[in-house]
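# Coordinate analysis (summary)
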Amino acid sequence: MIFSRSGLMAVSLAALVASGCSTSRFSSMDDQQPAPLQPAPAGTVSGSQLPPPAAPGTTDPSQFPTAPAGAQVASLPPDGSAPAGASDLTAASVAGVWNASVSGQSCKVATPQTKFGAGFRAGPLHCPPPIDGIKSWNVAGKQLTLYDESGGTLARLYSSGGSKFDGQTTNGLPISLTR
């Protein structure tokens, strides 16, 4: 007995349709109803007027906090030179993900060796101002410098030995990076 291709397809399709219509595997679910959900707790909502947004690309340093009185600010020489004991840096020694502490607040900063501008791309992860604006970084001698979008300096840090950097932001906030 020889079947034509179209005849075989028609028989197969008919068998498939007939077997699909007679299944009972979902019939037991028809009788079950889901339990009703509990209502969300009610509360009060308060609102207030937000300040107007800043124009893109503008940063007013007065909006950022400065180091609180008595805060331990890393001592950097006034001439911008490296503190005694700071070691020379390479991009490879800085590349990676760092735990940042800025004036007592913690976050993470990614410093991949992806070329960007005059240095390398940087990515702050849930950081407070002004460190949330880090876009790039670079090393020169003993100094690690963090830059904003326009290439302005946000912070200068020096190796404190091992996997730690200490320094301060341009507005005086203490900053450290550790692994």
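The preceding data block contains the structure.
In short, a report on the structure. This is a predicted model, so every value here is computed, not measured.

Quick look at the pattern of salt bridges now. Within the structure shown, the criterion is met by two salt bridges. With a shortest N-O distance of 3.4 Å, D88 and K142 are connected by a salt bridge. One end of the pair, D88, is in the loop between α1 (5-21) and α2 (91-94); the other, K142, is in the loop between β6 (136-140) and β7 (143-147), with 54 residues separating them in the sequence. The exposure class of D88 is exposed, given its relative accessible area of 57%. Judged by relative accessible area, which is 31%, K142 ranks as partly exposed. A salt bridge links D166 to K164; the shortest N-O distance between them is 3.7 Å. Looking at D166, the relative accessible area reads 21%, which means it is partly exposed.

This part covers the side chain of T111. For T111, the location among the structural elements is in strand β2 (residues 105-111). Only 2.8 Å separates the side chain of T111 from the backbone oxygen of V94, close enough to count as a polar contact.

On the secondary structure map, S101 appears in strand β1 (residues 96-102). Residues S101 and C127 lie 26 residues apart in sequence; the distance between their C-alpha atoms is 8.9 Å. In this structure S101 touches P174, I175 and S176, once residues within four positions along its chain are discounted.

Let us now look at the state of the cysteines. Among covalent bonds in proteins, the disulfide is the one between the sulfur atoms of two cysteines. Tallied over the entire structure, the rule returns one disulfide. Residue pairing for C107: its cysteine sulfur links by disulfide to C127, the two sulfurs lying 2.1 Å apart. Across the disulfide from C107 to C127, rotation about the S-S bond amounts to roughly 90 degrees, and the bridge is consequently right-handed. Separated by 20 residues along the polypeptide, C107 in strand β2 and C127 in the loop between β5 (123-125) and β6 bring together distant segments of the chain.

For the rest of this paragraph, the subject is the pairing of β7. Counting buried positions over the five residues of β7 gives four, a clear majority of the element. Pairing between β6 and β7: five bridges, direction antiparallel. Bridging from a neighbouring strand, V139 pairs with L144 of β7. Between β6 and β7, which pair antiparallel in sequence order, lie two residues; one of them, G141, sits at a positive phi of approximately 65 degrees. Relative to strand β8 (residues 153-159), β7 is paired through five bridges, and the arrangement is antiparallel. Its bridge partner lying in β8, Y147 is registered against T153. Joining the antiparallel neighbours β7 and β8 is a turn of five residues, in which G151 adopts a positive phi near 90 degrees.

Turning our attention to the sheet that holds β2. Across the sheet, ten strands lie side by side as β3-β4-β6-β7-β8-β9-β10-β1-β2-β5; this open sheet has antiparallel pairing. Strand pairing shows two members of the sheet lacking a second neighbour, β3 (115-116) and β5, which therefore form its edges. Where β3 meets strand β4 (residues 119-121), two bridges bridge the pair, whose relative direction is antiparallel. Note that in β4 the partner of F116 across the bridge is G119.

Here is what the cut-offs are and how they apply
- Residues numbered from 1 in each chain as written.
- Predicted model: local features only at pLDDT ≥ 70, side-chain atom pairs only at ≥ 80, totals over all residues.
- Heavy atoms only, no water.
- Salt bridge = Lys/Arg side-chain N within 4 Å of Asp/Glu carboxyl O.
- Helix = DSSP H or I, 4+ residues; strand = E, 2+ residues; numbered from the N terminus.
- Buried < 20%, exposed > 50% of the residue type's maximum accessible area, 1.4 Å probe, protein only.
- Polar contact = N/O pair within 3.5 Å; in protein donor to acceptor, adjacent residues only side chain to side chain.
- Contact = heavy atoms within 4.5 Å.
- Disulfide = S-S within 2.5 Å.
- Pairing = 2+ DSSP bridges.

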